[in-house]
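Structural overview
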Amino acid sequence: MINKLIEDIKKKNAPVVVGLDPMLSYVPQPILQKSFGEFGETLEGAADAIWQFNKGIVDSTYDLIPAVKPQIAMYEQFGVPGLMAFQKTVDYCHEKGLTVIGDVKRGDIGSTSAAYATAHLGKASVGGKELSAFGEDFATVNPYLGTDGVKPFVDVCREHKKGLFVLVKTSNPSSGEFQDKLIDGRPLYEYVAQKVVEWGGMHMGEEYSYIGAVVGATYPEVGKAMRALMPKTYILVPGYGAQGGKASDLAHYFNKDGLGAIVNSSRGIIAAYKQEKYARFTEAAYADASRQAVLDMIADINGALQAAKK
């Protein structure tokens, strides 16, 4: 899938991914009223509302973007109906030709890790059949348990031509409590980056590895160092926009070929209609606001990349 992702980034000139992280507070009232009218104020009603909300955003943006990144916790909070909405979202995005990055942040060892990998990236053996469960193209993985926790994912990825994004340096303010700790004079995240390169060597695509890294937009100097350490690793960059990451800080995350990174925005896109900048869009036109926010994000990032070349 890394080859398809890169091909679509080139074709659409859009190194961006839309985070489909719906909260009920983001969903316009007309959608909520319709879903609650059909299912009541129930978990089923909430799940239907976020599914309908997602569908509107995907319909409005799929021609502009190469990928989406649904965060599974936003669906799990609504129990089994929420997971069904997650599945419907994944399937619908595939119908629209989008690469799906399952933001699941799994991390365990042995058979448990292998089971997580099967659920999200592989196929489960059921009698004489091999059946896909959630079926994302990439998954995010927490490497804290080391190779025992990551290699089962790599094995499944190799079998099914899927990929990973391994957490290396996250965008949240307290990430440094562990990730920045010095070991023999070097921060822990550099050692994790080295392991990502090692794991990536087990599963290479045409230009880049299927095993990518997550490096937050809120630490641009770290991004520069990570780019040098991981030249053939695709970097997923969260933290743009709402979390404070600026396009002008992101050029270091990319290689000279203009590839090597894909930048995520979640609520900055899906809740754009709530922002003053997009106040001209009504609740009913929330998806149009999201489309405009995507166009603005693409222009912002591509402009920063062009400026960096001068």
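The following refers to the structure shown. (Residues numbered from 1 in each chain as written. Predicted model: local features only at pLDDT ≥ 70, side-chain atom pairs only at ≥ 80, totals over all residues. Heavy atoms only, no water.)

**Considering the nonpolar core**
Core analysis: the biggest nonpolar cluster contains 83 residues, and Leu20, Leu164, Val168, Val196 and Ile301 have the highest contact counts within it. Tallying contributions element by element places helix H12 (residues 286-309) first for this core, with 10 residues. Not counting residues up to four positions away in its chain, the partners in contact with Val168 are Gln179, Tyr189, Val192, Ala193, Val196, Ala213, Val214, Val215 and Met226. Counting 17 residues, the second-largest nonpolar core is a separate cluster that includes Ile9, Ile101, Val214 and Leu236. (Core = buried A, V, L, I, M, F, W, Y, C linked by side-chain atoms within 4.5 Å. Buried < 20%, exposed > 50% of the residue type's maximum accessible area, 1.4 Å probe, protein only. Helix = DSSP H or I, 4+ residues; strand = E, 2+ residues; numbered from the N terminus. Contact = heavy atoms within 4.5 Å.)

**Section: the side chain of Glu190**
Locating Glu190 in the fold gives a position in helix H9 (residues 188-200). Exposure remark for Glu190: the relative accessible area of 17% places this residue in the buried category. The residues touching Glu190, leaving out its near neighbours within four places in the chain, are Met226 and Leu229.

**Looking at the packing of aromatic side chains**
Following the criterion strictly, the structure yields eight aromatic pairs and no others. A centroid spacing of 5.1 Å and a plane angle of 15 degrees characterise the contact between Phe53 and Tyr286, whose relative ring orientation is stacked. Here the residue Phe53 occupies a position in helix H3 (residues 43-61), and Tyr286 occupies one in helix H12, the gap between them amounting to 233 residues. An aromatic cluster is present here, built from Phe53, Tyr273 and Tyr286 joined pairwise through their rings. Between Lys96 and the ring centre of Tyr62, over which it is positioned, the NZ or CZ distance is 4.6 Å. (Phe/Tyr/Trp six-rings, centres within 6.5 Å; stacked < 30°, edge-to-face > 60°. Lys NZ or Arg CZ within 6 Å of the ring centre and 35° of its normal.)

**Details of helix H5 (residues 79-95)**
With 17 residues, H5 ought to run about 24 Å at 1.5 Å a step, and its terminal C-alpha atoms sit 25 Å apart, in line with that. Of all the positions in H5, only Pro81, Gly82, Ala85, Phe86, Gln87, Thr89, Val90, Tyr92 and Cys93 are classed as buried. Buried residues along H5 sit in contact with H3, strand E2 (67-68), helix H4 (73-76) and strand E3 (99-106). Gly97, located one to two residues past H5, shows a positive phi value of around 80 degrees. (Expected span 1.5 Å × (residues − 1).)

**Remarks on a nonpolar patch on the surface**
There is a patch of nonpolar side chains on the surface, built from Ile109, Tyr144 and Leu145 and spanning about 340 Å² of accessible area. Structurally, the position occupied by Ile109 is in the loop between E3 and helix H6 (110-120). (Patch = residues over 30% accessible without salt bridge, like charges linked within 9 Å, V, L, I, M, F, W, Y side chains within 5 Å. Areas by Shrake-Rupley, 256 points an atom, 1.4 Å probe, with all protein chains shown as cover. Salt bridge = Lys/Arg side-chain N within 4 Å of Asp/Glu carboxyl O.)

**As for H9**
Here H9 spans 18 Å end to end across 13 residues, near enough to the 18 Å set by a 1.5 Å rise per residue. The inward-facing, buried residues of H9 contact helix H7 (147-160), strand E7 (163-169), helix H8 (176-179), strand E9 (186-187), strand E10 (211-215) and helix H10 (220-229).

**As for the environment of Leu236**
Here Leu236 is to be found in strand E11 (residues 235-237). For the pair formed by Leu236 and Val215, sequence separation is 21 residues and the distance between their alpha carbons is 6.3 Å.

**Focus on the pairing of E10**
Burial of E10 is extensive: five of the five residues sit out of reach of the surface. Alternating residues of E10 divide into Ile211, Ala213 and Val215 and Gly212 and Val214, and every residue in both groups is buried. Inspection of the sheet shows E7 paired to E10 by five bridges, in the parallel sense. What sits directly across from Leu167, in E10, is Val214. By the bridge criterion, two bridges tie E10 to E11 in an arrangement that is parallel. Looking across to E11, one finds that Val214 is bridged to Leu236. (Pairing = 2+ DSSP bridges.)

**Focus: the packing of H3 against H5**
Relative to each other, H3 and H5 sit at 15 degrees, their axes nearing to 8 Å. The angle between H3 and H5 falls in the class roughly parallel. Crossing geometry of H3 relative to H5 is assigned as right-handed. Two secondary-structure elements touch here, H3 through Leu43, Glu44, Ala47, Ile50, Trp51, Asn54, Lys55, Val58 and Asp59 and H5 through Pro81, Gly82, Ala85, Lys88, Thr89, Tyr92 and Cys93. Split into classes, the residues belonging to the contact of H3 with H5 amount to nine nonpolar, three polar and four charged. (Axes fitted to C-alpha atoms, helices over the stretch in contact; angles between N-to-C directions. Parallel < 35°, antiparallel > 145°, perpendicular 65-115°, else oblique. Left-handed = near helix turned anticlockwise from the far one by under 90°. Nonpolar A, V, L, I, M, F, W, Y, C, P; charged D, E, K, R; others polar.)

**Observations regarding the sheet that holds E2**
The strand order E1-E2-E3-E6-E7-E10-E11-E12 describes a closed barrel built from eight strands, whose pairing is parallel. As paired elements, strand E1 (residues 16-18) and strand E12 (residues 261-265) share three bridges and run parallel to each other. Across the sheet, residue Val18 finds its bridge partner in E12, namely Ser265. Sheet contacts for H10: E7, E10, E11 and E12; angle to E10, the most-contacted strand, approximately 160 degrees.

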